[in-house]
Amino acid sequence: MFLLRKPILALSGSSAVRGAVSSAPITRSVVDRFIPGETTAEVVAAVVALRAKGLQVTLDHLGEDTTDRATADATVAAYLELIEALTTAGQVAGAEVSVKLSAVGQALTASPDIPGGGNAYALAGARKIADAAYAAGARMNLDIEDHTTIDQTLEVLFELRSTHPDIGIAIQAMLLRTPKDLAELTGPGSRVRLVKGAYNEPDSVAFTDPDQIDLAYVRAMKYLMYGKGYPMIGSHDPRMVAIAAKLASDSGRTPDRWEHQMLYGIRPEEQERLVKDGKTMRVYVPYGADWYGYFTRRLAERPANLLFFLRSLATKG
Ligand SMILES: Cc1cc2nc3c(=O)[nH]c(=O)nc-3n(C[C@H](O)[C@H](O)[C@H](O)COP(=O)(O)OP(=O)(O)OC[C@H]3O[C@@H](n4cnc5c(N)ncnc54)[C@H](O)[C@@H]3O)c2cc1C
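In this report, the structure presented in the accompanying data block is examined. Residue indices follow the written sequence of each chain, beginning from 1 at its first position. Predicted model: local features are reported for residues with pLDDT of at least 70 only, side-chain atom pairs are reported and counted for 80 or more only, and whole-chain, interface and lining totals are derived from all residues. Calculated side-chain values reflect all of the structure's heavy atoms, with hydrogen atoms and water omitted.

What follows concerns the site of the ligand. Here a residue is considered near a molecule or strand provided that any single heavy atom belonging to it is located within 4 Å of it. Close to the ligand lie 25 residues; Gln-172, Gly-197, Ser-235, His-236 and Glu-301 are nearest. At 2.8 Å, a side-chain N or O of Lys-196 approaches an oxygen atom of the ligand. We define a polar contact as two N or O atoms separated by no more than 3.5 Å, with the added condition that, inside protein, one atom must be a possible hydrogen donor and the other a possible acceptor, whereas residues neighbouring each other in sequence contribute only through side-chain atom pairs. One of the backbone nitrogen or oxygen atoms of Ala-198 is found 3.0 Å away from an oxygen atom of the ligand. Strands are runs of DSSP state E lasting at least two residues, helices are runs of H or I lasting at least four, and both sets are numbered from the N terminus onward. Sorting the residues of the shell around the ligand by element identifies β4 (168-172), β5 (191-195), β7 (259-263) and α12 (292-301) as the ones contributing at least two each. Looking at which element gives the most residues to the shell around the ligand, the answer is β7, with 3 residues.

Shown next, in the form of structure tokens:
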């Protein structure tokens, strides 16, 4: 079934498929399993419920590959509204926001309105979010997108870290460049979220065999656990969860010096079990109307998610 991952990711880029999936009446109820709502109020309510169970949160305002300035600006505004709403709800301390630079303008082309080009525009937007987050007592993490964007994303990260050294970054174990990137990211205090990688990458830049990706993930975990930074283990894979615990124990890391991360709606019982086991567990909570890209990546990475969706279409759509 892993063989379906690439075709699904490739198909999801077609506008016809996007139209069909987005307009299928049943899609919404399947989407709800992965996304607690579209509005700020709905995501804040989800935060309250997760926190009541001892779970930490990182919040993603959905959106990516933004091609116009107004959408990029609206995304920045949505994060600022979110930080204010978390503050009002008494939920801001210890919360994190996750930001995709393509959502705040990284892909915009230079023009009189955007003199420095997309990356400078994204940096300016991300800086506004970071300033608001850290002033309020929250923190920020940059998501990582397809391999063509990584040099620019790391450039933005290092700029942002000059004023907010705590800002974290996601790194994809599947990419061949990752050991070199990790070498620059394991300094004191550096927060790194290790994930397998969700994008459709060619084998010239990435491992595409699942066993090789797993081995690369374990090597990277080991590097992070024995490094000086703060490892964030972003995986639902029971083997990776178990190996993380072993590496943390072998490297003398207490639960306040690393954390697990999982996506909202995926293995929720396991998330709660880890909390009961004394681990730090952070849930990545996406919200907003632009759920298509996020949703299709979830369908592509797990046969059960895809089957659940197809069965719903067949029975009710
Ligand atoms: C917090 C977080 C943030 C992320 N941020 C990014 C990012 O910035 N950039 C990026 O490219 N990717 C990101 N990802 C996605 C990531 O790259 C993977 O695509 C995704 O996590 C799937 O890989 P996996 O390690 O969970 O395990 P997989 O290889 O997908 O699954 C391995 C095993 O895990 C178990 N499992 C997985 N899903 C389920 C389920 N639904 N129910 C029960 N068991 C399950 C099964 O035993 C399965 O065989 C993020 C993931 C997380 C958790």
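Now for the packing of helix α9 (residues 210-225) against helix α10 (residues 238-250). Axis definition: a line fitted to C-alpha atoms, limited for helices to the stretch in contact. Angles are taken between N-to-C directions and run from 0 to 180 degrees. Orientation of α9 relative to α10, taken along the N-to-C sense of each, is 25 degrees, at an axis distance of 10 Å. On the basis of their axis angle, the class for α9 and α10 is roughly parallel. Like other packed secondary-structure pairs, α9 and α10 cross with a definite hand, here right-handed. Residues Asp-214, Tyr-217, Val-218, Met-221, Lys-222 and Met-225 of α9 pack against Arg-239, Met-240, Ile-243, Ala-244, Leu-247 and Ala-248 of α10. Only Asp, Glu, Lys and Arg are considered charged in this grouping, and only Ala, Val, Leu, Ile, Met, Phe, Trp, Tyr, Cys and Pro are considered nonpolar; every other residue, Gly among them, is considered polar. Residue classes in the contact of α9 with α10 are distributed as 9 nonpolar, no polar and 3 charged. Any angle that falls under 35 degrees is termed roughly parallel, while one over 145 is termed roughly antiparallel, one within 65 to 115 roughly perpendicular, and all others oblique. Definitions for this section: a left-handed crossing has its near helix turned counterclockwise from the far helix by less than a right angle. A right-handed crossing has that turn clockwise. Only heavy atoms enter the contact rule, under which two residues are in contact if any of them lie within 4.5 Å.

Our next topic: the sheet that holds strand β8 (residues 281-287). In a beta sheet, neighbouring strands are held together by backbone hydrogen bonds and run either parallel or antiparallel to one another. Judged by pairing direction, the barrel is parallel, and its 8 strands sit side by side in the order β1-β2-β3-β4-β5-β6-β7-β8 before closing back on the first. Put simply, the sheet's adjacent strands are angled 25 degrees from each other on average, direction ignored. Across the sheet, helix α11 (residues 268-276) touches β7 and β8, and the angle it forms with β7 is around 165 degrees. Should DSSP find at least two bridges between two strands, the strands are taken to pair.

Quick look at the packing of aromatic side chains now. One pair of aromatic rings is described through two measures. These are the centre distance and the angle between the planes. For this analysis, a ring pair means two rings from Phe, Tyr or Trp (six-membered ring only for Trp) whose centres lie within 6.5 Å, classed as stacked if their planes differ by under 30 degrees, edge-to-face if by over 60, and tilted for the remaining angles. Scanning the model with the defined rule gives 3 aromatic pairs in all. For the ring pair Tyr-284 and Tyr-294, a centre distance of 6.3 Å and an interplane angle of 0 degrees mean the geometry is stacked. Of this pair, Tyr-284 sits in strand β8 while Tyr-294 sits in helix α12, placing them 10 residues apart in sequence. Across the pair, exposure class does not vary: Tyr-284 and Tyr-294 are buried alike. Taken together, Phe-34, Trp-291 and Phe-295 form an aromatic cluster joined through their ring pairs. By definition, being over a ring means that NZ of Lys or CZ of Arg is both within 6 Å of the ring centre and within 35 degrees of the ring normal. Lying across the ring of Tyr-294, Arg-298 places its NZ or CZ 4.5 Å from the centre. For every residue, the accessible area obtained with a 1.4 Å probe (protein chains only) is divided by the maximum for its type, and the residue is called buried under 20%, exposed over 50%, and partly exposed between those limits.

Attention shifts here to the packing of helix α5 (residues 69-88) against helix α6 (residues 118-136). How two helices sit against one another is set out by the angle between their axes and by the gap between those axes. For the pair α5 and α6, interaxial distance at closest approach is 10 Å and the crossing angle is 5 degrees. In terms of their interaxial angle, α5 and α6 are classed as roughly parallel. Facing Arg-69, Ala-72, Asp-73, Val-76, Tyr-79, Leu-80, Ile-83 and Thr-87 of α5, the residues of α6 in contact are Tyr-121, Gly-125, Lys-128, Ile-129, Ala-132, Ala-133 and Ala-136. Looking at side-chain class alone, the contact of α5 with α6 contains 10 nonpolar, 2 polar and 3 charged residues.

The next subject is unusual backbone geometry. We note that Asp-65 has phi near 50 degrees; this positive angle belongs to a residue other than glycine. Among the secondary structure elements, Asp-65 is positioned in the loop between β1 (56-61) and α5. Judged by relative accessible area, which is 53%, Asp-65 ranks as exposed. For Arg-267, which is not glycine, the phi dihedral falls at a positive 50 degrees. Looking at Arg-267, the relative accessible area reads 32%, which means it is partly exposed.

This paragraph deals with the environment of Asp-68. Locating Asp-68 in the fold gives a position in the loop between β1 and α5. A polar side-chain atom of Asp-68 sits 3.3 Å from the main-chain amide nitrogen of Ala-70. Side-chain polar atoms of Asp-68 contact the side chain of Thr-71, separated by 2.8 Å.

With respect to the element layout, His-61 can be found in strand β1. On the basis of relative accessible area, His-61 is assigned to the buried category, the value being 16%. Excluding anything up to four places from it in sequence, His-61 contacts Thr-75, Ala-78, Tyr-79, Ser-98 and Tyr-287.

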